[in-house]
Amino acid sequence: MALKKTRHSTIIPETPEALFRDLRNRKIEGLLSHQADILREYQNEKTLNKSDVAVLNKSDVALQLPTGSGKTLVGLLIGEWRRRKFKEKVVYLCPTRQLVNQVVEKSINEYGIKAKAFTGKQKEYDFRIKTEYSRGKTLAVTTYSSLFNTNSFFQDANLIILDDAHAAENYVAKFWSILIERKKHDSLFKNIVSFLRPIISESDYSRFFKESPDISDKSWVEKIPTSYLYELIPELTELLDKDTSDQIKYPWSVLRDHLFSCHIYLSFNAILIRPVIPPTKTHKPFSQAKQRLYMSATLGEGGEIERLFGIENIFRLAVPEGWDKQGIGRRFFFFPESSLNEESSLNLVMKMLRSTPRSLFLVPDDEQAKKVKNKIKEQTKHQIFESKEIETSKQDFISKDGAVAVLANRYDGIDLPKDECRLLIVKDLQRATNIQEKFLVTRLCAAVIFNDRIITRMVQAVGRCTRSDTDYSAVVILGDELKNFLISPDKQKFLHPELQAEIEYGIEQSKEEEETYFAEIEDIIEQSKEEEEKERNFLENLNIFLEHGEKWNQAEEEIISHRGALKQAKLPAIEKLKETVSDEVKYQYYIWHRNFEEALAKCESVFSQLNQANDEELRGYIAFWYYLAGSAAWMGAKDGITSMESKARDYFKRAAKVAPEVTWFSRLARLSLENDVSSQDDTRLSKIIEGLEQQLIKLGTGNSTKFEKEVKTILDNLNPPMTDRQNLTDKQRNERSKKFENAHQRLGKLLGYDSGNSTSNSASDPWWIAGDDLCIVFEDHSEASTETIGSNKVREAASHPKYIKENKDIFLSKSADIIPVMITPCTKIEPDAKPYTEDVCYWNLEEFRKWATNAISIVRDLRRSFPGEENLDWRKRAIQAYQDAGIDPSSLLEKLRQSKLRDLPSD
């Protein structure tokens, strides 16, 4: 006979700790000291924050505990305690379904706390668990997306527990974001691009239609200035109203009446519409809760969580003592590209994969994932798992030997502890996971605001397989950007001491030496076997680590000893960013509700505080807030507050003045009615320097191999072996000419121009474009067999501007300067050719070669100081270096215009 429940059977413990002792079905003996400390601080009514409000009564509270330290249990205990004591409905949020199932399994089987998983579509929720939650009889565990949607089942939660809060930004922001992807929404994408054509530059418009986009096209991002868009909002609204796809119509229903408060970002593959900060308090299922409890391994110190969730102030519980030094688990870092080239490093990784049962491979995007999967298929017999296959359940993956999971742009939400996975490979790291972030980081050089977020992603990425004190995994680092970040002392110091010590140890073991810690080489190896020997050393060290026996113990002692001498430094401007976050969030709500005057006031407060820091790192972010201030004032003026128009123009001008190296702000400065020739020159040069940055990143900053290879190709083909041209065959001359043109085009690209070339005989030779208002188009006459230029060649050169204007793949403004130039060793011109010279410039071949060699030397010098990422201070130095060397567009045009083809002597 089943036992019947009585009305007196409900247990209401006084504290979360007391609740834990009453959980008789739990599998763990007791709470860890730091877990108990956190619970006491949370529950203790004497824990105040300069007010009389106890922590358990605050609306927003955050706690930080390292991964694997048991924060899930802490969160579940707080939730269950409040459910029982205050009769509250409790929702526990996770980033992914797999984590939802993992939390529920732990809650029931390990902790003895009743919890139900709510995953999938709402209409598929079991009616029994819906009833249990609605009556407050169970904890509900679900994904962020289940709460942040237009028809959430969880309309009246009293307590919302947000696990892995640091990883929730895109899940939360998605509710206030319309992402129009080229592949998924082809028709709408094209319609939006066509609609925006009048307010974007011709060169940017052209990118959308390139059949063979290069890396600069794929990495390009742009933002439509609010001042250009505001009056077009009714037309854009009409356009978006017509789309009925679920991916568009649900977020559109949220943004439709607030489009003026949003921003439109463009990239080659997608268009993003969203506010700067998600206004979460406008979403009742989130805002109506009595308390929101944010849990994270890394909360950040500069207001990161507040910005992610659109909350002005979040009270933080103190981090338990000792966690500032000790970390969770042990990682052995491998940096194969410190001593092997890229291909050999990847081949080494394939051998590592074959030596372990299961591996996890993290890459930044789908394109990299495809390359990695092809390599794995070529060199191993491992089964490949993708994100969608392990997101709901990882059981198939962890039950198979010879498996590798390849995940693109996923640095959290997948936990593989203990023997589930001992080898993790991380290939580069996306500093920005959405187009807004990418725009702020790459175009405005405002990465300072994301430093916390970028470090968090990196820490989360390398910790996927170390989830408890006794966990251990090897971590292989591939790619220049991530490697340079980790090995740089200037970046390392911002990491946890445990991680710093692990990285330092890994760097020492990966150095290009004849001797390693574990594998001694007594004899000098032959050069032909050197690479094979390096691979053997890496593999031996991996085996010793994975055995985790006596041979590893000395290494463990060294890491712990080194950890004790290290400290974690504060990120640049972190305190000032913490001070401004409240006003930043308030700005978002004011602009959302069309209160332009108050929004402007909050912008002014933000940049006033940021200016006090006098920190070079903040310039891009300060300029962005001047822009937001100008935009708020501009919209206010358009709505009838005429006094705000002058403020709008002034703030746009200030944005351009604070960060003159950022070309995007120059467009806004034109609204100040002070557009002159010098500003045009500055804009062209800034655009080129941005292009130079992208080339240096593409060619790698970890070592100079790729860069010097590119330079050698350019110089070799611009300067072929000296030969009497008259003795060359037509075929030889043609081959040398094509190589010269190719090198000429690549030189332009290296210098930062948007350069191209045509394969058609009747078309121009290379062209160099800066922005959308300057094109230098060349006629390369490098293999001339006589000293005199004939009329046919002159006519070709003179026709090139017409070709550029008619080329459907080249988009320039109608007022663009198109400068035709002939590069030739000839020193004379036929008399019959002079009438056709028009404005064609003359550049002597040897003078061009000298100029090119000097320009490359300037780029080489600048590369030595390049920090590996977009940086305003470096841009400023690069601009000055170009001007000093006379290789900036203004100096180059002045030089070219001083020498015209028509001025050459005739025979």
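Residues numbered from 1 in each chain as written. Predicted model: local features only at pLDDT ≥ 70, side-chain atom pairs only at ≥ 80, totals over all residues. Heavy atoms only, no water.

Caption draft 1: Inspection of the overall build of the chain at higher detail. Along the chain, the regular secondary structure elements total 38 helices and 24 strands. Rg of the C-alpha trace for the chain: 31 Å, near the compact-globule value of 29 Å for 907 residues, within the 12% margin. Principal-axis analysis of the C-alpha atoms places the extent of the chain at approximately 115 × 85 × 50 Å. Taken across its 907 residues, the chain has 58% of its residues classed as buried. Once local pairs closer than 6 in sequence are excluded, the contacts in the chain between residues at least 24 apart make up 75%. (Helix = DSSP H or I, 4+ residues; strand = E, 2+ residues; numbered from the N terminus. Rg over C-alpha atoms; globule rule 2.2 N^0.38 Å. Buried < 20%, exposed > 50% of the residue type's maximum accessible area, 1.4 Å probe, protein only. Contact = heavy atoms within 4.5 Å.)

Caption draft 2: Summary view of unusual backbone geometry. With a phi angle near 50°, Asp-164 is a residue other than glycine that sits in the positive phi range. A positive phi angle is found at His-548, which is not glycine, with a value near 50°. Mapped onto the secondary structure, His-548 falls in the loop between helix 25 (530–547) and helix 26 (550–563).

Caption draft 3: Region of interest: the pattern of salt bridges. Under the defined criterion, the tally for this structure stands at 77 salt bridges. Asp-163 serves as the salt-bridge partner of Lys-71, at 3.1 Å between the closest nitrogen and oxygen. Note that Lys-71 is positioned in helix 3 (residues 71–86) and Asp-163 in the loop between strand 5 (159–162) and helix 7 (169–173), a separation of 92 residues in sequence. One exposure class covers both Lys-71 and Asp-163, and it is buried. We note a salt bridge from Arg-902 to Asp-839, for which the minimum N-O separation is 3.3 Å. You can see Arg-902 sitting in the segment after helix 38 (889–897) and its partner Asp-839 sitting in the loop between strand 23 (828–829) and strand 24 (841–844), a full 63 residues away along the chain. Overlapping salt bridges, with partners in common, bring together Glu-169, Arg-274, Glu-304, Glu-437, Arg-453 and Arg-457 in one network. (Salt bridge = Lys/Arg side-chain N within 4 Å of Asp/Glu carboxyl O.)

Caption draft 4: Region of interest: the sheet that holds strand 11 (residues 315–316). Strand order in the open sheet formed by seven strands is 3-4-2-5-10-1-11, and the pairing between neighbours is parallel. Edge strands, defined here as strands with exactly one partner in the open sheet, are strand 3 (115–118) and strand 11. Two strands pair when backbone bridges link them, and strand 3 and strand 4 (residues 139–143) are joined in this way by four bridges, in the parallel orientation. For Phe-118, the partnering residue across the bridge sits in strand 4 and is Thr-142. Against the sheet, helix 4 (residues 97–109) contacts strand 2 (90–94), strand 3 and strand 4, and its axis sits at roughly 165° relative to strand 3. (Pairing = 2+ DSSP bridges. Axes fitted to C-alpha atoms, helices over the stretch in contact; angles between N-to-C directions.)

Caption draft 5: Just the nonpolar core, in detail. Counting 122 residues, the largest nonpolar core has Ile-180, Leu-196, Tyr-294, Phe-309, Trp-625 and Phe-665 as the members making the most contacts within it. Looking at which element gives the most residues to this core, the answer is helix 29 (residues 619–638), with 14 residues. Non-local contacts of Phe-309, meaning those with residues more than four positions away in its chain, are made with Tyr-144, Leu-162, Ala-165, Ala-168, Val-172, Pro-278, Thr-280, Phe-286 and Tyr-294. (Core = buried A, V, L, I, M, F, W, Y, C linked by side-chain atoms within 4.5 Å.)

Caption draft 6: Local environment of empty space enclosed by the protein. On inspection of all chains with the given rule, the structure shows six cavities of 30 Å³ or more. Space inside the largest cavity adds up to approximately 170 Å³. Contributing to the lining of the largest cavity are 18 residues, with Val-276, Ile-277, Gln-436, Phe-450 and Arg-453 lying nearest its centre. Of all the secondary structure elements, the ones that give two or more residues to the lining of the largest cavity are helix 15 (304–309), helix 20 (435–443) and helix 29. (1 Å grid on protein atoms, 1.4 Å probe; cavity = no way out; pocket = protein on both sides within 12 Å on 5 of 7 lines; lining within 4 Å. Points joined across faces, edges and corners; volume = space filled by probe spheres on them.)

Caption draft 7: Molecular detail of the confidence of the model for the chain. On average, residues of the chain carry a pLDDT of 89, and 93% of them reach 70 or more. Averaged pLDDT values for the elements of the chain fall to 77 in helix 31 (residues 663–669) and rise to 98 in strand 5. Low pLDDT (under 50) marks residues 513–525, which in the prediction has 22 contacts with non-local residues, meaning those over four places away or in another chain. (pLDDT = per-residue confidence, 0-100.)

Caption draft 8: The side chain of Asp-164, seen in detail. Inspection of the secondary structure puts Asp-164 in the loop between strand 5 and helix 7. Engagement of the side chain of Asp-164 in a polar contact is seen with the side chain of Lys-71, the distance being 3.3 Å. The contact partners of Asp-164, leaving out residues within four places of it in the chain, are Lys-71, Pro-95, Leu-99, Tyr-144 and Met-295. (Polar contact = N/O pair within 3.5 Å; in protein donor to acceptor, adjacent residues only side chain to side chain.)

Caption draft 9: Spotlight on the pairing of strand 8 (residues 263–267). Across the five residues that make up strand 8, a large majority, five, are buried. Covered by surrounding structure in strand 8 are His-263, Tyr-265 and Ser-267 together with Ile-264 and Leu-266, the residues of both alternating faces. Of the pairings in the sheet, the one linking strand 7 (residues 221–224) to strand 8 comprises four bridges and is antiparallel in character. When the sheet's bridge partners are listed, Val-221 is paired in strand 8 with Ser-267. Sheet analysis places strand 8 next to strand 9 (residues 270–274), joined by four bridges and oriented antiparallel. Among the inter-strand pairings, Ile-264 is bridged to a residue of strand 9, identified as Ile-273. In textbook terms, the turn of a hairpin is the stretch between consecutive antiparallel strands, and for strand 8 and strand 9 this stretch comprises two residues.

Caption draft 10: Fine view of the sheet that holds strand 16 (residues 423–427). Taken in spatial order, the six strands line up as 12-17-16-13-15-14 in an open sheet, and their pairing is parallel. The sheet is open, and its two edges are formed by strand 12 (330–334) and strand 14 (383–385), each paired on a single side. Strand after strand, the sheet turns through a mean of 20° between neighbouring axes, direction not considered. Of the strands in this sheet, strand 13 (358–363), strand 14, strand 15 (403–408) and strand 16 touch helix 17 (residues 366–379), which is tilted by about 165° from strand 15.

Caption draft 11: Here's a closer look at the environment of Leu-416. Mapped onto the fold, Leu-416 is located in the loop between strand 15 and strand 16. A sequence separation of 56 residues divides Leu-416 from Leu-360, and the C-alpha atoms of the two residues are 8.8 Å apart. Discounting residues that sit within four places of it in the chain, Leu-416 has contacts with Leu-360, Lys-394, Phe-397, Ile-398, Cys-421, Arg-464, Cys-465 and Arg-467.

Caption draft 12: Main features of helix 21 (residues 451–462). When the terminal C-alpha atoms of helix 21 are compared, their 17 Å separation across 12 residues agrees well with the 16 Å that a helix rising 1.5 Å per residue should span. Buried residues dominate helix 21, accounting for 11 of its 12 residues. Restricting attention to buried positions, one finds in helix 21 the residues Asn-451, Asp-452, Arg-453, Ile-454, Ile-455, Thr-456, Arg-457, Met-458, Gln-460, Ala-461 and Val-462. (Expected span 1.5 Å × (residues − 1).)

Caption draft 13: Highlighting the packing of helix 34 (residues 730–751) against helix 36 (residues 845–865). Two numbers describe how helix 34 lies on helix 36: the axes approach to 11 Å, and their chain directions differ by 35°. The way helix 34 lies across helix 36 gives a crossing that is left-handed. Taken together, the residues of helix 36 that come into contact with helix 34 (itself represented by Phe-740, His-744, Leu-747, Leu-750 and Leu-751) are Leu-845, Phe-848, Trp-851, Ala-852, Ala-855, Ile-856 and Val-859. Residue classes in the contact of helix 34 with helix 36 are distributed as 11 nonpolar, one polar and no charged. (Left-handed = near helix turned anticlockwise from the far one by under 90°. Nonpolar A, V, L, I, M, F, W, Y, C, P; charged D, E, K, R; others polar.)

Caption draft 14: Summary view of helix 8 (residues 186–196). Within helix 8, burial applies to Leu-188, Phe-189, Ile-192, Val-193, Phe-195 and Leu-196. Within helix 8, the buried residues cover an arc of 160° as seen down the axis, which keeps them to one side. (Arc of directions from axis to C-beta.)

Caption draft 15: Fine view of the state of the cysteines. What the rule picks out here adds up to zero disulfides. Cysteine Cys-826 is unpaired, with the sulfur of Cys-841 as its nearest cysteine sulfur at 17 Å. (Disulfide = S-S within 2.5 Å.)

Caption draft 16: Broad picture of the packing of aromatic side chains. In this structure the tally under the stated criterion is 51 aromatic pairs. Taking the centre distance of 6.1 Å and the plane angle of 85° together, the rings of Tyr-505 and Trp-552 count as edge-to-face. One end of the pair, Tyr-505, is in helix 24 (residues 497–510); the other, Trp-552, is in helix 26, with 47 residues separating them in the sequence. The same class applies to Tyr-505 and to Trp-552, which are both buried. The rings of Tyr-265, Phe-439, Tyr-587, Tyr-621, Phe-624, Trp-625, Tyr-627, Trp-634, Phe-652, Trp-664 and Phe-665 are connected pair by pair, giving a single aromatic cluster. The residue whose ring lies beneath Arg-292 is Phe-286, and the NZ or CZ to ring-centre distance is 5.0 Å. Over the face of the ring belonging to Tyr-472 we find Arg-422, whose NZ or CZ atom lies 3.8 Å from the ring centre. (Phe/Tyr/Trp six-rings, centres within 6.5 Å; stacked < 30°, edge-to-face > 60°. Lys NZ or Arg CZ within 6 Å of the ring centre and 35° of its normal.)

Caption draft 17: Structural context of the side chain of Glu-741. By the element assignment, Glu-741 lies in helix 34. Buried charge Glu-741 goes without a salt bridge, the closest partner of opposite sign being Lys-793 at 7.4 Å. Aside from chain neighbours lying at most four places away, what touches Glu-741 is Asn-757, Asp-765, Pro-766 and Asp-780. (Lys, Arg positive; Asp, Glu negative; His and termini not counted.)

Caption draft 18: Quick peek at the pairing of strand 12. Counting buried residues in strand 12 gives five out of five residues, a clear majority hidden from the surface. Neither face of strand 12 is left uncovered, since the one carrying Arg-330, Phe-332 and Phe-334 and the one carrying Arg-331 and Phe-333 both have all their residues buried. Summarising the sheet, strand 12 and strand 17 (residues 472–478) pair through five bridges and their orientation is parallel. Paired with Arg-330 across the strands is Tyr-472, a residue of strand 17.

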